[in-house]
Structure formats: C-alpha cells, structure tokens
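This is what each chain is made of:
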Amino acid sequence: DVKVTQSSRYLVKRTGEKVFLECVQDMDHENMFWYRQDPGLGLRLIYFSYDVKMKEKGDIPEGYSVSREKKERFSLILESASTNQTSMYLCASSSAFQGLAGRETQYFGPGTRLLVL
Amino acid sequence: GQQVMQIPQYQHVQEGEDFTTYCNSSTTLSNIQWYKQRPGGHPVFLIQLVKSGEVKKQKRLTFQFGEAKKNSSLHITATQTTDVGTYFCARRGAGNMLTFGGGTRLMVKP
C-alpha cells in the first residue's frame, strides 16, 4: 500500500514564524503536491513537483515556497506565517504515468492542521 | 484555472434515503475523479470516469459521466451511517494535477 506521511498532525505557530511542513512518500512517485483545505473551498493546490528540484506553482502559491531535494520528500515552507494561513494542509503523491489503471490517482497524507496565532 | 463546481455544499439525509452530488464544468472534461473524505480523515480515491456517458457502480454507489463530458454525478442508494463524509469530484489535468470541486458534505441521521 502507498504510504504518505506528514511530519505533524497538529501545529500551533505564531505570526511571523517560519514554518516547515514535511511530507514523505514510499512509493517512488514522481509527482508530489501540497494542498490547503478550507471549509467551503475544497482543496486548493499550492505547489506541486514532478521531479527532484523541480517545482510548479499551483492556484494559490503566495506566501509559500517548497523544496524537493529528494524524490521521496516534499517540504512546504511558510516564510513568515500569517493568521490567514491557518488551515488544513494536505500532501499527496502520484505516479507520473497516465492512462494506466491505478496509476492515475493521488494518494493523500493524513494532513497537518496548522493554527497561526 | 478551470473551475469545477459541485452542489450541494451540504446534504442531511435520514438513513436509508438516497443521496446525489453533482459536479459541473463550463468546459469539456477529459476525465473526472471522485474522492471521499471521512470526518477527520484525508481524501481517498473512489473512481475515475473518462468516457462520454460512462456509468460505473461500486455496491450502492453509482457514478455517471455526462454525454457532453461537462458534468458528473455520484448517487448513493439507501445511505448508511458509514457513508458520512465529504465527497469531492476532481478534474485531472497535465502532470496528474487535480482541480477539486468544493465538495459535498453528507450527514446521515440514524
């Protein structure tokens, strides 16, 4: 089974702090994604990466950066946390191959609920 | 990006009643995926539809893709308390990027 783990389930930080959210997957997936989930807004893509050291902006990249130094690990960084970044953060991974049954899905981690005070 | 609209946002049903959530796009979709997120959990993939007019069933769940490939629906027959959660549709794009609908939160009264 695919396993996607996230470093923390719950996190409380203060405004202005630098925050690191870590995500690790064990399926040798090429693609990794960071979403935030807010009530009524569904899941919104922040950044994604399709290879080591590669990154692409998603729909809401402002205030965030990412790092992918190793294939299995994708980090989300909040350079200076703000209260409007209080949210649930979900990491996901998927294979780069398309058109093959079972390879097109995204596998999600358990999520990190971040509270910025 | 291309929007995927999902309705209703919430649905409260009595156990045993049916439930349907709808997903709509203003542009043609190459595919649609459905995910379920239990309360306190993370989204879990249910199914992908790719063909015009496609209908797939998983036990009490029926998934449809419209003939014009601009809409999709998920229908649950005779809901059970285990069906509680939020159901998301998502459009898969290049690089396996997903654009999610806002989700429909299903609550089931026993």
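Structure: above.
Only a predicted model underlies this, so the values are computations on that prediction, with no experimental measurement involved.

Chemist: I keep staring at the overall build of chain B and nothing clicks. Help me out?
Modeler: Within chain B, the regular secondary structure consists of zero helices and 11 strands. Secondary structure elements of chain B occur, N-terminal to C-terminal, as β-β-β-β-β-β-β-β-β-β-β. Relative to its length of 110 residues, chain B is compact, with a C-alpha radius of gyration of 13 Å against a globular reference of 13 Å. Principal-axis analysis of the C-alpha atoms gives chain B an extent of 40 × 30 × 20 Å. Pairs at least 24 residues apart make up 53% of the contacts formed inside chain B by residues separated by at least 6 positions. With the model as given, the accessible surface of chain B reaches about 5300 Å², and the carbon-plus-sulfur share is 52%.

Chemist: In this structure, what is going on with the interface of chain B and chain A? I would like to understand it.
Modeler: Taken together, the contacts link 20 residues of chain B with 24 residues of chain A. For the pair chain B and chain A, the summed buried surface comes to about 1700 Å²; carbon and sulfur atoms form 52% of the total. Three residues, Asn96, Met97 and Phe100 of chain B, lead the burial of chain B against chain A; their summed loss comes to 30% of the area buried on that side. Across the chain B-chain A interface, the total number found is zero salt bridges. Of all elements in the fold, only strand S4 (32-37), strand S5 (44-49), strand S9 (85-92) and strand S10 (98-100) of chain B reach the threshold of two or more residues within the side of chain B that touches chain A. The biggest single contributor to the side of chain B that touches chain A is S4 of chain B, with three residues.

Chemist: Got a minute to help me understand the sheet that holds strand S1 (residues 4-6) of chain A in this structure?
Modeler: Within a sheet, each strand pairs with its neighbour through backbone hydrogen bonds, oriented either parallel or antiparallel. Residues and elements named next belong to chain A. Spatially, the four strands line up as an open sheet ordered S1-S3-S8-S7, and their pairing is antiparallel. Of all strands in the sheet, those with a lone pairing partner are S1 and strand S7 (65-70), marking the two edges. Direction aside, neighbouring strands of the sheet carry axes that sit 20 degrees apart on average. Two strands pair when backbone bridges link them, and S7 and strand S8 (residues 73-78) are joined in this way by four bridges, in the antiparallel orientation. Residue Ser65 lies in a different strand from S8, and its bridge partner there is Ile77.

Rules and cut-offs
Residues numbered from 1 in each chain as written. Chains lettered and ligands numbered in written order. Predicted model: local features only at pLDDT ≥ 70, side-chain atom pairs only at ≥ 80, totals over all residues. Heavy atoms only, no water. Helix = DSSP H or I, 4+ residues; strand = E, 2+ residues; numbered from the N terminus. Rg over C-alpha atoms; globule rule 2.2 N^0.38 Å. Contact = heavy atoms within 4.5 Å. Areas by Shrake-Rupley, 256 points an atom, 1.4 Å probe, with all protein chains shown as cover. Buried area = accessible area lost by both parts, 1.4 Å probe. Salt bridge = Lys/Arg side-chain N within 4 Å of Asp/Glu carboxyl O. Pairing = 2+ DSSP bridges. Axes fitted to C-alpha atoms, helices over the stretch in contact; angles between N-to-C directions.

The values are spatial; any link to function lies outside them.
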